[in-house]
4 protein chains.
Amino acid sequence: MGDPRSPAAPDPGTLMGQFAATRAMTMEMVDGLEGDDFVVQTAPYTSPPKWHVGHVSWIYEVVMGRIDPGYRSQREDLSGYLNSYYQRFGEPGEKGRRGTFSRPTTDEVLSYFRATSGRVAEFVASRSLDEAQARLLEIGIHHECQHQELLAYDLQHMLGGRYEPAGGKAAPPPPADPGAAGEARVGGGLYRLGHPGGGFAYDIEMPEHAVYTEDYAIDRLPVTNGQYARFVEDGGYSDYRHWLADGWESVKENGWDAPMYWERDGEGWQVDDFAGKHAVDPSEPVRHVSFYEADAYCRWAGKRLPTEAEWEKAALWDEGNGRKRRFPWGDGGPTPERANLLESRLWGCAPAGSYPAGASPSGCLQMIGDVWEWTSSEFAGYPGFRTGFEEYNDKWFTGQKVLRGGSFGTPSASIRGTCRNFFRLGERWMFCGFRCARDA
Amino acid sequence: MGDPRSPAAPDPGTLMGQFAATRAMTMEMVDGLEGDDFVVQTAPYTSPPKWHVGHVSWIYEVVMGRIDPGYRSQREDLSGYLNSYYQRFGEPGEKGRRGTFSRPTTDEVLSYFRATSGRVAEFVASRSLDEAQARLLEIGIHHECQHQELLAYDLQHMLGGRYEPAGGKAAPPPPADPGAAGEARVGGGLYRLGHPGGGFAYDIEMPEHAVYTEDYAIDRLPVTNGQYARFVEDGGYSDYRHWLADGWESVKENGWDAPMYWERDGEGWQVDDFAGKHAVDPSEPVRHVSFYEADAYCRWAGKRLPTEAEWEKAALWDEGNGRKRRFPWGDGGPTPERANLLESRLWGCAPAGSYPAGASPSGCLQMIGDVWEWTSSEFAGYPGFRTGFEEYNDKWFTGQKVLRGGSFGTPSASIRGTCRNFFRLGERWMFCGFRCARDA
Amino acid sequence: MGDPRSPAAPDPGTLMGQFAATRAMTMEMVDGLEGDDFVVQTAPYTSPPKWHVGHVSWIYEVVMGRIDPGYRSQREDLSGYLNSYYQRFGEPGEKGRRGTFSRPTTDEVLSYFRATSGRVAEFVASRSLDEAQARLLEIGIHHECQHQELLAYDLQHMLGGRYEPAGGKAAPPPPADPGAAGEARVGGGLYRLGHPGGGFAYDIEMPEHAVYTEDYAIDRLPVTNGQYARFVEDGGYSDYRHWLADGWESVKENGWDAPMYWERDGEGWQVDDFAGKHAVDPSEPVRHVSFYEADAYCRWAGKRLPTEAEWEKAALWDEGNGRKRRFPWGDGGPTPERANLLESRLWGCAPAGSYPAGASPSGCLQMIGDVWEWTSSEFAGYPGFRTGFEEYNDKWFTGQKVLRGGSFGTPSASIRGTCRNFFRLGERWMFCGFRCARDA
Amino acid sequence: MGDPRSPAAPDPGTLMGQFAATRAMTMEMVDGLEGDDFVVQTAPYTSPPKWHVGHVSWIYEVVMGRIDPGYRSQREDLSGYLNSYYQRFGEPGEKGRRGTFSRPTTDEVLSYFRATSGRVAEFVASRSLDEAQARLLEIGIHHECQHQELLAYDLQHMLGGRYEPAGGKAAPPPPADPGAAGEARVGGGLYRLGHPGGGFAYDIEMPEHAVYTEDYAIDRLPVTNGQYARFVEDGGYSDYRHWLADGWESVKENGWDAPMYWERDGEGWQVDDFAGKHAVDPSEPVRHVSFYEADAYCRWAGKRLPTEAEWEKAALWDEGNGRKRRFPWGDGGPTPERANLLESRLWGCAPAGSYPAGASPSGCLQMIGDVWEWTSSEFAGYPGFRTGFEEYNDKWFTGQKVLRGGSFGTPSASIRGTCRNFFRLGERWMFCGFRCARDA
């Protein structure tokens, strides 16, 4: 990474410092790509890298237009291509056809990316933003972080082992600690779910509100490849009894017989990921499973998925001190070392139980920074929800499940213990896994 | 209706009395059909009447096989055709192809229906059932009630105004009471949601469990045709801002511009239902709208759908006496008069506010017996859910929303205040409507 | 069959005699059906029997309206349902949805059938038809014959061995004559293809016109089940080299591995047809193969399909006498005995080589009355083609291949040596087979 | 164009000279493209330019492998991507997914292109090819020419007016000669259709064989935009009577209301082509119409399409001298001036009647070098057809119509009067038009 903290760079603690660091990271992610890689879309649910690069820039222009109705884009002609799904800027292009555009070219989009960085800097320098306005800009920055993670998903889909993210080789992951296995038991009662305010959070994480849960037990660790492989070997994909009806349909329609990217290799399994093609590591958290597969595994194992309230309480609630942490390991965000650790793991998940950042108060490990974890909760607004950005998150309040945690591909600057991610139940190209729970 | 309470008939208060009455009602419902009507399937989500007739009978055989593994059907050859979705009896036929079978013929199916009634009677007479066994039989009876209502949906879809359900003409519905409009305000806190035990309930209504709600307001009456028509006239179907993303997709894909069965007629609207083609009555509850339409209306009106906990608490919770009623109007089920009222209403919903059975403690009206009401809650198991009948309700725990209440087409014997119905978000051939709520 | 030649019946040699006999045959064909059988459509390419019954009647009304613009149908309300594909009577219903109509009922359609017979008789009795007008009526009669054959296809598809056509059991077919195998050699040069006039023929059989062919050889007999089975056993369906690109696509898309209705039975094959489920008879002509399969077999066998000119010349041209026969066996149409023979064969094809009606001048056998035979010719108008009935045959002049001959299901009254049938290249529920040819 | 006739270049009259010129032209065609343009596929029927570049090279390797079984590709890894439809090299990739490959990169493919040119040169230099072997290589060259034309179609589809083919601006086309309109009358009888031998021709152009035609008239000029626009204005696309059934289906399914690339502009029409967006020129031949549209126009105009025999006889048969020409204007192929003329016309068709190269003996103009012309003939092998290259042209012998002539995009080196092109009946992104004929 070019150091965003060089003399010319703004203070990383400021909004503009965050902005600069985020822009730099996006460029770093596409740094090693071939020209062709920018252009191609390998599935209807992925996007070409050049589209991500342009779209995250375009959103800043939307934000500036919200702050100052007099703001005019210099590339309004790109709006048709770069609009993802905002009806208010005209009928958006069909998502599955983003790979059919050779124009704007990658060069044009990269120019637009740079020009937009400059225009945002000028815009901010030329006025003083009130709190709501600053918040809109902050949403733009976090939106770019989200797309960095999506870009990682899409690059893995496109290139498999042929792509090496920026940052050099990861340090060898620390050894697994088998002693970390087992369940945490969490007492029931009212819990205040969601973001308590203070610092950035999306509208969908708020308001904090009371939820009642019964007593429950939750696994200290996510389900590993080794555990999941036993489900597969036990005929899990061919026994309807483990599956919800919609899941069973998906299995048959898609011919699923293992997680995405797994290939049978004699008795074992190979996987194709950022580390190239290699044997599946039994101690790493399983990833690239759909909600249906996670749910079926749980049923096979005599357990169930946690609700998102159960997940969050196990991750953040400090019963001893009667308060909620901001992160499982405490209130402090990822330190530079932590951040580095998290991001370096783009080269492969660390083995189960190895995460050094410390357990949650309930004793759970690897809740942030390994894989997004499916919960049983439908993605919907919390009681009292108020939209924070038009047509952004809340128009997707049906047909999706909440995932909690944050993966090794989630930029450290946009991780929080209250983050809610959401995907369709059959999607599995994300860095997603799960942990089990049960009634206690 | 042939009187199921004739001397020869079993006591209606007993299980076998209930059984006999249910069987008689099914026959009554198909009494006026032409031969061709039994055979045809008009949409992938409907079924031919002869299939319903056979399937409800077949389920009793499944039940008897569960009670006595030695039980053998005399028509095992029909199982392939009559199995709805039970994988354990072999790969079920494709639902959308039920209308391609000319064999078994309607005559065969009707014979099978009668023979099964006899075999159940013999079976029960020849042994003494323990409680769990009796409960299985009871599920069979309620299952038949469910299919009676589905049959009513399907007959309306097939025949529109050409079908007259058994029972004679309805009395003219009582006049609407405009004073009944407005909202009920319900205080928040913990509420125990679900069936408290005592009497029949499905597994999915249990266990009763604590749910926390904030204070809320809920409309005393369901949204009427007149109110909904204002949404339509206001361009509701062409303004994306009212719609969830999935809903907007549905509008465009299906070309929706009004509730199902509505046709523009000059300035007004006509509807094609059991009363033939006639003007839409503005004072009746709107029906045949999807979840997406209900949600969009609420957004347009500045409100939202209630959760199922909010709906049930408004319907059943008697704050003054600190207890839950079994029905909105009290603990007593529909009396014969009430039942008659409910069922007679197959000839058309009564106008809004007219329901004489009395308000719920919170002051809400028409909560049972008019239309199933969409809630915002995803259909899933309650905490601590335990399956009561394999592969029945719980394999559908994704992709559906809960509807509460019970419609004019719901047999009075299978109505309870805790009933949960569930359908896909885009379905609308059911007798379904909604009422609005909001944060208070 | 009620004898259409009874005293009250019109002279069978007249147009009205033909009409009466045709109507009687249609009724006879549906005589043994159950009520449900009339209603059901088992594939998008079949139609419910009640639709056939109504449609053939409706066409007579179209004809009467053409003859006398003042003619009015008494059931104009049925036109929407009974119109097959005539745009001029309004947008026709979707073919694949004919099985979704319970109304008009079978009873209504049968009444309509009878009433139409009466109205045609009155219509004809009340005026004198000129030649062109009589010809229109004749087209109506032959149209009904066509639908009789389609009805036989559709009943086999619906009922397989459960349906027995009217007419009693067939006499056992005469023994096969192995000496009949081998090729006929036909000399090239100009041949006048098509119907020479005199007697009824469709517009698409005319005008007779010169076509040049090279010398060729053509098999004396159609390809038999036994021969075709060798192609199957030789891996014919899994070797792309035998197949046209479109054919290979069809094989993979549809999972074809044998003719329609064949099922593997140990080492051999079973077939499900009007004779019930039974072993495939190796000496019968193969049937229920698509154009692609016929073509692939020929390529495997080192041969090719004949053009329709080659087929007709081999069937009808009498080189010795320098003239064209009307039938392969001579000028006389099927005698009552012959007709009986042909129609009785609805219970199964006779073995190869057994047809007693005599060889064509070139020495070919079984050219009419066994199976329609695929040719390599695209269905199109002959040079100088002039339409004889609007929107009837000629709007289908693309995407279909010509079949020649006439099957055991073709009514004897509508057989001629010059008949052209036509189907899409992938269809195979017809009584269709083929014979091979090659350059000589 | 880099001059392929430079000192270092092989003699253009030799096979290797032809090869070098063809390779040079391919590179010239992609010379002005942006990197992104090489990668994108804009419709399932187009291919990315880098695929064309690679595929034409790969075919030479196939050819060398046929000539010398010991030949080994240095990039066998590319075969999966570059195989179009040859089953014998493994299951080919799905055509519609060619735009989802970012690897091999454009740079790799261009290297492969250059390396292959070198390997072919070495291969040829290292041995002496017999006639059959030389012919295989020649097929490779003509195959590359075919793809040059396809590339032109695909570039127009991708870029519309944004792409300028190499070669500089075209000279203004000569003025139209209205005197050229009208019909040529051609006498019937036997005509020997196809390539008589001598010089290169594809297997599908042979053998020359006798075909009988009646007398006919054929338009001297192709139908112009102005004529076609009258059909459109007359409601041609909304009157089913002009259309074959399959064509009418296509109109409705695709929403066709004018040729591809036309857009309504007030009273007139605009077109988007290599000359950018501009008014449709009424005097140019209409292009980008499907077979169905061509057929419908003819029916509207009271005419019909010619058969391919009629087209060829009108183009090549010199009745006065009793012989067939090689080109409509004589036996000499396009001279450099002519070639230049033809190729320069990539910037737009010349107006109707302007073609200076001379009329055919029958008096027809613009038969080669303007647009491929739809005929009514199904694409199939001529009588006596013998395949010249496995799995190449003859596996497409169903579902396509023959087009004759050659368009302004056809490389002059691969034009002949006997050329047969073929496309599906609904395709229209080619440079295709038609002329009318009628019975005389």
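Since we're looking at a predicted model, the values are computed, not measured.

Asker: Which residues make up the packing of aromatic side chains, and what values go with them?
Answerer: The full count for this structure, using the stated rule, is 144 aromatic pairs over all chains. Consider the rings of D:Y45 and D:W429, whose centres lie 4.9 Å apart with planes at 55°: the pair is tilted. Here D:Y45 is found in the loop between α1 (15-29) and α2 (49-67), whereas its partner D:W429 is found in the loop between β12 (421-424) and β13 (432-433), with 384 residues between them in sequence. Judged by relative accessible area, D:Y45 falls into the partly exposed class, the value being 28%. Pairing D:F291 with D:Y292 gives two aromatic rings, centres 6.1 Å apart and planes at 75°, and the pair type is edge-to-face. The burial state of D:F291 is the same as that of D:Y292; both residues are buried. Each member of the aromatic cluster is reached from another via a ring pair, and the members are A:Y228, A:F231, A:Y237, A:W243, A:W262, A:W269, A:Y297, A:W300 and A:F434. Note that B:R127 overlies the ring of B:F123, its terminal NZ or CZ placed 3.7 Å from the centroid.

Asker: Any chance you could break down the relation of the copies chain A and chain B for me, citing the residues and the numbers?
Answerer: When chain A is fitted to chain B, the residual RMSD is 0.0 Å, and the transformation amounts to a turn of 180° plus an axial shift of 0.0 Å. On this basis, the relationship between the two copies can be described by a two-fold rotation axis. Most of the interface of chain A is mirrored in chain B: 97% of its interface residues are interface residues there too.

Asker: With reference to specific residues and values, describe the sheet that holds strand β1 (residues 183-186) of chain C.
Answerer: Residues and elements named next belong to chain C. Read from one edge to the other, the open sheet built from 3 strands follows the order β1-β4-β14, with strand pairing classed as antiparallel. Of all strands in the sheet, those bounded by a partner on one side alone are β1 and β14 (437-439). Geometrically, the sheet is characterised by an average inter-axis angle of 20° between neighbouring strands, direction not taken into account. Note that β1 and strand β4 (residues 216-219) share 4 bridges and pair antiparallel. The residue of β4 that forms the bridge with A184 is I218. Contacts from helix α9 (residues 308-316) reach β1 and β4 within the one sheet, and its direction differs from that of β4 by about 75°.

Asker: Go over the interface of chain A and chain B with me, naming the residues and quoting the values.
Answerer: Contact with chain A, which involves 31 residues of that partner, is made by 30 residues of chain B. Approximately 2,300 Å² of surface area, both sides summed, lies buried where chain A meets chain B, with 53% of it carried by carbon and sulfur atoms. At the surface where chain A touches chain B, the tally comes to 6 salt bridges. A salt bridge links A:D246 to B:R424; its shortest N-O distance comes to 2.7 Å. For the pair chain A and chain B, the number of links is 11 residue pairs in polar contact (both at pLDDT 80 or more). Looking at the side of chain A that touches chain B, the elements that each hand over two or more residues are β3 (209-213), α7 (245-254), α8 (291-300) and β10 (372-378) of chain A. When residues of the side of chain A that touches chain B are assigned to their parent elements, the largest contribution, 4 residues, is made by α7(A). A class-by-class count of the residues in the side of chain A that touches chain B yields 13 nonpolar, 6 polar and 12 charged.

Asker: How would you explain the packing of α1(D) against helix α5 (residues 131-159) of chain D if you had to name every residue and give the values?
Answerer: Residues and elements named next belong to chain D. At a minimum axis distance of 10 Å, the contact between α1 and α5 shows a crossing angle of 20°. Viewed along their axes, α1 and α5 adopt a mutual orientation that is roughly parallel. The two elements α1 and α5 cross, and the hand of that crossing is left-handed. Contacts from L15, M16, Q18, F19, T22, R23, M25, T26 and M29 in α1 reach A134, L137, E138, I141, H142, E144, C145, Q148, L151, A152 and L155 in α5. Of the residues in the contact of α1 with α5, the class split is 12 nonpolar, 5 polar and 3 charged.

Asker: Before we move on, could you go through the state of the cysteines and cite the residues and values that matter?
Answerer: All names here are of chain B. Going through the model one piece at a time under the given rule, you end up with 0 disulfides over all chains. Cysteine C419 is unpaired, with the sulfur of C145 as its nearest cysteine sulfur at 10 Å. Overall, C419 belongs to the buried group, its relative accessible area being 7%. We note that C436 lacks a disulfide partner, and the nearest cysteine sulfur, in C298, lies 3.7 Å from it.

Asker: Could you give an account of the environment of A:I415, naming the residues involved and the relevant values?
Answerer: Within the secondary structure, A:I415 sits in the loop between β11 (400-404) and β12 (421-424). Between the C-alpha atoms of A:I415 and A:E308, which are 107 residues apart in sequence, the distance is 16 Å.

Asker: Before we move on, can you summarise the confidence of the model for chain A with the specific residues and values?
Answerer: Residues and elements named next belong to chain A. For chain A, the average pLDDT comes to 88, and 88% of its residues sit at 70 or higher. Counting interchain partners and residues more than four positions distant, the pLDDT-below-50 stretch residues 1-7 has 6 contacts. Note that residues 166-176 has pLDDT below 50 and, in this model, 15 contacts with residues that lie over four places away or in other chains. Confidence metrics for the complex model read pTM 0.92 and ipTM 0.92.

Asker: Which residues make up unusual backbone geometry, and what are the values?
Answerer: Following A:M206, the chain continues to A:P207 via a peptide bond in cis, the omega torsion being -5°. Tracing the sequence through the fold places A:P207 in the loop between β2 (189-193) and β3. The omega angle of the peptide bond from D:R103 to D:P104 is 0°, so this bond is cis rather than trans. You can see D:P104 is positioned in the loop between α3 (79-82) and α4 (106-125).

Asker: A description of the domain arrangement of chain A should follow, citing residues and the corresponding values.
Answerer: Residues and elements named next belong to chain A. Entries for chain A in the domain assignment read domain 1 (12-162) and domain 2 (169-440). Each of domain 1 and domain 2 was reduced to a C-alpha centroid, and the two centroids are 27 Å apart. Facing the 29 residues of domain 1 at the interface are 35 residues of domain 2. Both sides together, the interface formed by domain 1 and domain 2 hides about 2,800 Å², and carbon and sulfur atoms give 59% of it. On inspection of domain 1 and its partner domain 2, the count reaches 2 salt bridges.

Asker: Now, about the nonpolar core: what can you tell me, with residues and values included?
Answerer: Judged by nonpolar contacts, the single largest core of 190 residues is most densely connected at A:Y228, A:W374, A:F434, D:Y228, D:W374 and D:F434. Counting residues in each nonpolar core, the second largest holds 188 residues, with B:M158, B:W256, D:L78 and D:L137 among its members.

Asker: If you had to explain the sheet that holds β10(A) to someone new, which residues and values would you point to?
Answerer: Hydrogen bonds between backbone groups are what pair the strands of a sheet, and the pairing can be parallel or antiparallel. Residues and elements named next belong to chain A. The 4 strands lie next to each other as β12-β11-β10-β13, forming an open sheet whose pairing is mixed. The two strands at the open ends of the sheet, each matched to only one other strand, are β12 and β13 (432-433). The pairing of β10 with β11 spans 3 bridges and is classified as antiparallel. Bridge pairing in β11 links E373 to R404.

Asker: Can you explain the interface of chain C and chain B? Please cite residues and give values.
Answerer: In this assembly, 20 residues from chain C lie in contact with 20 residues from chain B. Taking both partners together, chain C and chain B bury about 1,500 Å²; carbon and sulfur atoms supply 48% of that area. Counting across the interface, chain C meets chain B through 4 salt bridges. A salt bridge links C:D36 to B:K50; its shortest N-O distance comes to 2.8 Å. Here chain C is connected to chain B by 10 residue pairs in polar contact (both at pLDDT 80 or more). When the residues that make up the side of chain C that touches chain B are grouped by side-chain class, the tally is 6 nonpolar, 7 polar and 7 charged.

Asker: So what's going on with helix α7 (residues 245-254) of chain D? Which residues, and what values?
Answerer: Along α7(D), the positions that sit buried rather than exposed are D:A245, D:D246, D:G247, D:W248, D:S250 and D:V251. The secondary structure elements touched by the buried residues of α7(D) are β12 (421-424) of chain C together with α8 (291-300) of chain D. Just beyond α7(D), the residue with positive phi is D:G255, at close to 65°.

About the cut-offs
Residues numbered from 1 in each chain as written. Chains lettered and ligands numbered in written order. Predicted model: local features only at pLDDT ≥ 70, side-chain atom pairs only at ≥ 80, totals over all residues. Heavy atoms only, no water. Phe/Tyr/Trp six-rings, centres within 6.5 Å; stacked < 30°, edge-to-face > 60°. Helix = DSSP H or I, 4+ residues; strand = E, 2+ residues; numbered from the N terminus. Buried < 20%, exposed > 50% of the residue type's maximum accessible area, 1.4 Å probe, protein only. Lys NZ or Arg CZ within 6 Å of the ring centre and 35° of its normal. Least-squares fit on C-alpha atoms with pLDDT ≥ 70 in both. Contact = heavy atoms within 4.5 Å. Pairing = 2+ DSSP bridges. Axes fitted to C-alpha atoms, helices over the stretch in contact; angles between N-to-C directions. Buried area = accessible area lost by both parts, 1.4 Å probe. Salt bridge = Lys/Arg side-chain N within 4 Å of Asp/Glu carboxyl O. Polar contact = N/O pair within 3.5 Å; in protein donor to acceptor, adjacent residues only side chain to side chain. Nonpolar A, V, L, I, M, F, W, Y, C, P; charged D, E, K, R; others polar. Parallel < 35°, antiparallel > 145°, perpendicular 65-115°, else oblique. Left-handed = near helix turned anticlockwise from the far one by under 90°. Disulfide = S-S within 2.5 Å. pLDDT = per-residue confidence, 0-100. Domains from an automatic or database assignment. Core = buried A, V, L, I, M, F, W, Y, C linked by side-chain atoms within 4.5 Å.

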